[in-house]
Amino acid sequence: MTFNSLQYAAFLPLVLILYWLLPRRPQNLLLLVASYIFYGAFDWRFLALLWISTLTDYTVGRLLERTDAPRLRKRIFAVSLCVNLGILGFFKYFDFFTSDGTRFLAHLGIHLAPPVLKILLPVGISFYTFHGMSYTFDVYRRDIEPTHSLLNFAVFVAFFPQLVAGPIGRAQLQLPQFERDRIPPDWAEVRRALFLILLGLFKKIAIADMLAPYVNSAFGSPSKTSFVGLLVGVWAFAFQIYGDFSGYSDIARGSAFLLGIELPENFNQPYFSRSVTEFWRRWHISLSNWLRDYLYIPLGGNRGTEGQTYRNLMLTMLIGGLWHGAATTFVIWGGLHGLFLVAERRFTDIPLEDWRRPWSLRRDLLRTVITFQLVCVAWVFFRAPSTNGALHYLSDIAHLQHGTTDHNAVAMLALAAAAMVFVDYVQLRARDHAAFVDWNPLVRGFMYGCLIVPIVIFSGGTPVPFIYFRF
Amino acid sequence: MGVPVLVTLIVLLVAELAVRAVHSHLPVPSAWPSPELQKKYDQIESRVSSHQSTDVVLVGDSMMDAAGDPGALNADGVNQSIYNASIAGETLPTIAQWTMKVVVPRLHPKVVVIGLSSNELNPASLDPATGIAAYDASRAARAASGTGSVVDNADAFLRKWSYLYRYRNSLRHPFGQPATGVFNPTLTATGRDLAFADKQYLQYNTPAQARQVVVGVIDALAGFTVGPKNVAILQGLMTSLHSQGIQVLFVVMPVTADLVSFHPGGAPDYQKAVAAFISIAQHSDARIAIPGIWPTTQFADPVHLNQAGTTEFSQYLAPLLRGAS
């Protein structure tokens, strides 16, 4: 059941009606059942993994509460890490490490034939394992008290708006919301929530799905495409993945708002970033914060020497790349971003807090364009089917390859980019994702109409799954 | 709430009117598995809404699609309203479902002429991946057949009343429609497919050469045998029509000697098919016509009649239909 499906259009209102008729405890029970139905609609067999992860993290939390002995606490905490990373490692990385590892060893003259299990990837596994681990991390570090309610914890892990593609929740912020009574949203909040859902559908259907065939065409047959077509392909992918993922996050946040739960922002106008450092403060914020708090800072962050900071940055970004997918291309994508971050720290004097400064067209446009192009270079590795494919793609652009250029693709990219830049610019200026709902009613109605018409036009085509469902 | 909702509705109305204003310049939208099915469904709906009676319906695959010319039949003295509801590229299960669930309930013909050839009796023609599966998966087909879900029927309703919704496929490519490679023939107002009318026959010495032109039919002859399932579907179709009081005329479509030779067992295979057709017609109380093998000058390729062939076919069919009336 995806957010842009008719099933979800029936499922959400039904859950909302029942939800607000119930008191808190049954509300959580309803949310849990609804979340398992939502997840089971993808593949019910993987519900067992969700239950294992949930029960492990809950039990670890309770056990951590009962002891102060540091060594024992460490061992208990390690159980959570082993179970979550074990599930993730087996289902997501087993075949990658056996196939790529075997190839690597073969280069060294060691020939092995480990089994390739062709394991199905459970939807959202990277999200809910990180979600649960944030809880055990926080309990282990004594940042939060463990919850005594399995029901509340299970709802926190499985909460359907964020279960399969985030934002990755933080126990510190979210768990208390499931433990207290919720007040039904007032009309202004409902309006904001509905707007977020509408905007999310627009981004997914009218931007991401609309650009998908052009991206597939450029990356599917790069040797026949001109360098202009290839550039259009990668720029289109930049907007496709942004529309796809931020659209999902908007719908998730809007749906959660209607349930009286506030989810963290996951995107903050990332293509207005003036540096790659700033990009990571604005792109997939819940993942970058997770990696910062549970990996980069424990590794030492920027508290050591310059060299250690660079190492920590590179390690964090490489692991961030690997989190996205079991493929060398994702590792290179993460590595490239790591290199960009290191280079910015080493060779520029951009202050760390520069991202808080208001964006200015005259002053920041050039840096924004350069940052966008750097991000796009990395996107080529993210989207290409293989490392060689990505290198050929970039090489064909660099050699100004002759070939076909799809003029529809150029025009549609221009329209999509204009729409996304407009929406982001308004949000950036207002520092509010739902800024439009405060506009003059006439303009607001016009805006709603302009979002709905493209949704009507671009819905009902070949279904394009949300990109981040693969991760 | 009032003003924004009102303005939103006005924007939607303006978009709807804009599409209505330019729709004649847009490609015909296709909610059906093929553009031809869409066009024929639209023609049938148009006949129904304008209360145009239809006495005779021609059904079959691309052979009847190209050969059945209602205008020529009328000129040859068939004084009845005729519509060609044949569908190119489709196989027996789809033809049967389309005929019984869509065509007959809407047009209420007195006579149905079924035109098929040996390829439709071979089990190889029943590959669900290429035929009935796509038809069954089509929301429009399900809604039109009366087997649609609430969503299918809502989709059909929106397609009927909103041009913005109906033409959205075309609107997705405002700067030029992509080439789809899908067979999209020009039809006459009475449903005849004109794709083969102006073509002259070229010699095809091998199935491989012919396959380049009529891939579906030649492939459907692979390992030829008379399939019991095919026989059952055809017999079911003819019996159902007969039980509704509709006269059935079955035509074993005229073919080239080349097509006969493309059967793995040659002429004996083709004769087996003809014998099966005769048997099916007898069991269903249907009349049968067997024009046989015609010269290649009448054909656009090993399978489809060209204009000369269509004229000849109309002259062949007209007396049989005059008899039916």
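Here, the structure is the one placed above.
### Points about the packing of helix H1 (residues 6-21) of chain A against helix H2 (residues 24-43) of chain A
Residues and elements named next belong to chain A.
Okay, so step 1: Relative orientation of the contacting elements H1 and H2 amounts to 165 degrees, with a least axis distance of 9 Å. Looking at the two axes, H1 sits roughly antiparallel to H2. Judged by the twist between their axes, the crossing of H1 over H2 is right-handed. Note on element contacts: H2 touches H1 through Gln 27, Leu 30, Leu 31, Ala 34, Ile 37 and Phe 38, opposite Tyr 8, Phe 11, Val 15, Leu 18, Tyr 19 and Trp 20.
Okay, so step 2: Residues belonging to the contact of H1 with H2 are distributed by class as follows: 11 nonpolar, one polar and no charged.

### Brief notes about H1(A)
All names here are of chain A.
Okay, so step 1: In this model H1 runs 24 Å from its N-terminal to its C-terminal C-alpha over 16 residues, within 8% of the 22 Å that 1.5 Å per residue would give.
Okay, so step 2: Turning to H1, its buried residues number three or more, namely Tyr 8, Phe 11, Leu 12, Val 15, Leu 16 and Tyr 19. Here the buried residues of H1 occupy an arc of 130 degrees about the axis, which is enough to place them on one side. Those residues of H1 that are exposed and aimed more than 90 degrees away from the buried face are Ala 10, Leu 14, Ile 17 and Leu 21.
Okay, so step 3: Taken together, the buried residues of H1 touch H2, helix H7 (160-163), helix H9 (187-220) and helix H10 (227-258).

### Section: the interface of chain B and chain A
Okay, so step 1: Contacts between the two partners involve 19 residues from chain B, matched on the other side by 23 residues from chain A.
Okay, so step 2: With both sides pooled, the region where chain B packs onto chain A buries about 1,700 Å², and carbon together with sulfur makes up 73% of that total.
Okay, so step 3: Considering only the side of chain B, the residues that lose the most area to chain A are B:Pro4, B:Arg172 and B:Phe175, jointly responsible for 32% of the buried surface there.
Okay, so step 4: Linking chain B with chain A are five residue pairs in polar contact (both at pLDDT 80 or more), by the criterion used here.
Okay, so step 5: At the level of secondary structure, the elements contributing two or more residues to the side of chain B that touches chain A comprise helix H1 (2-22), helix H9 (163-166) and helix H10 (168-171) of chain B.

### Observations regarding the packing of aromatic side chains
Within a pair of aromatic rings, the relevant descriptors are the distance that separates the centres and the angle that separates the planes.
Residue and element names in this part refer to chain A.
Okay, so step 1: In total, this model carries 67 aromatic pairs over all chains according to the counting rule given.
Okay, so step 2: A ring pair is formed by Phe 3 and Tyr 8, whose centres lie 4.7 Å apart and whose planes are at 45 degrees; its orientation type is tilted. This pair shows no difference in class: Phe 3 is buried, exactly as Tyr 8 is.
Okay, so step 3: Between Phe 245 and Phe 267, the aromatic rings sit 5.0 Å apart at their centres with planes inclined by 75 degrees, giving edge-to-face as the arrangement. Linking Phe 245 in helix H10 with Phe 267 in the loop between H10 and helix H11 (276-282), this pair joins segments that are 22 residues apart in sequence. Each of the two residues, Phe 245 as well as Phe 267, counts as buried.

### A short note on the packing of H9(A) against helix H18 (residues 441-458) of chain A
Residues and elements named next belong to chain A.
Okay, so step 1: At a closest axis distance of 9 Å, the pairing of H9 and H18 adopts a crossing angle of 40 degrees. Regarding the angle of H9 to H18, the classification is oblique. Note on packing geometry: the crossing formed by H9 with H18 is left-handed. Counting all contacts with H9, which are made through Arg 191, Phe 195, Leu 198, Leu 199, Leu 201, Phe 202, Ile 205, Ala 206 and Met 210, the residues of H18 involved are Arg 444, Tyr 448, Cys 450, Leu 451, Ile 452, Pro 454, Ile 455 and Phe 458.
Okay, so step 2: Taken together, the residues of the contact of H9 with H18 sort by class into 15 nonpolar, no polar and two charged.

### Some thoughts on the sheet that holds strand E1 (residues 56-60) of chain B
All names here are of chain B.
Okay, so step 1: With parallel pairing, five strands are arranged side by side in an open sheet as E2-E1-E3-E4-E5. Two strands close off the open sheet at either side, each with one partner strand: strand E2 (82-84) and strand E5 (287-289). Ignoring which end each strand starts from, the neighbouring axes of this sheet average 20 degrees apart.
Okay, so step 2: By the bridge criterion, three bridges tie strand E4 (residues 247-252) to E5 in an arrangement that is parallel. Across the sheet, Leu 249 pairs through a bridge with Arg 287, a residue of E5.
Okay, so step 3: Sheet strands in contact with helix H5 (residues 92-107) are E1, E2 and strand E3 (111-116), and its direction is about 165 degrees off that of E1.

Conventions we followed
Residues numbered from 1 in each chain as written. Chains lettered and ligands numbered in written order. Predicted model: local features only at pLDDT ≥ 70, side-chain atom pairs only at ≥ 80, totals over all residues. Heavy atoms only, no water. Axes fitted to C-alpha atoms, helices over the stretch in contact; angles between N-to-C directions. Helix = DSSP H or I, 4+ residues; strand = E, 2+ residues; numbered from the N terminus. Parallel < 35°, antiparallel > 145°, perpendicular 65-115°, else oblique. Left-handed = near helix turned anticlockwise from the far one by under 90°. Contact = heavy atoms within 4.5 Å. Nonpolar A, V, L, I, M, F, W, Y, C, P; charged D, E, K, R; others polar. Expected span 1.5 Å × (residues − 1). Buried < 20%, exposed > 50% of the residue type's maximum accessible area, 1.4 Å probe, protein only. Arc of directions from axis to C-beta. Buried area = accessible area lost by both parts, 1.4 Å probe. Polar contact = N/O pair within 3.5 Å; in protein donor to acceptor, adjacent residues only side chain to side chain. Phe/Tyr/Trp six-rings, centres within 6.5 Å; stacked < 30°, edge-to-face > 60°. Pairing = 2+ DSSP bridges.

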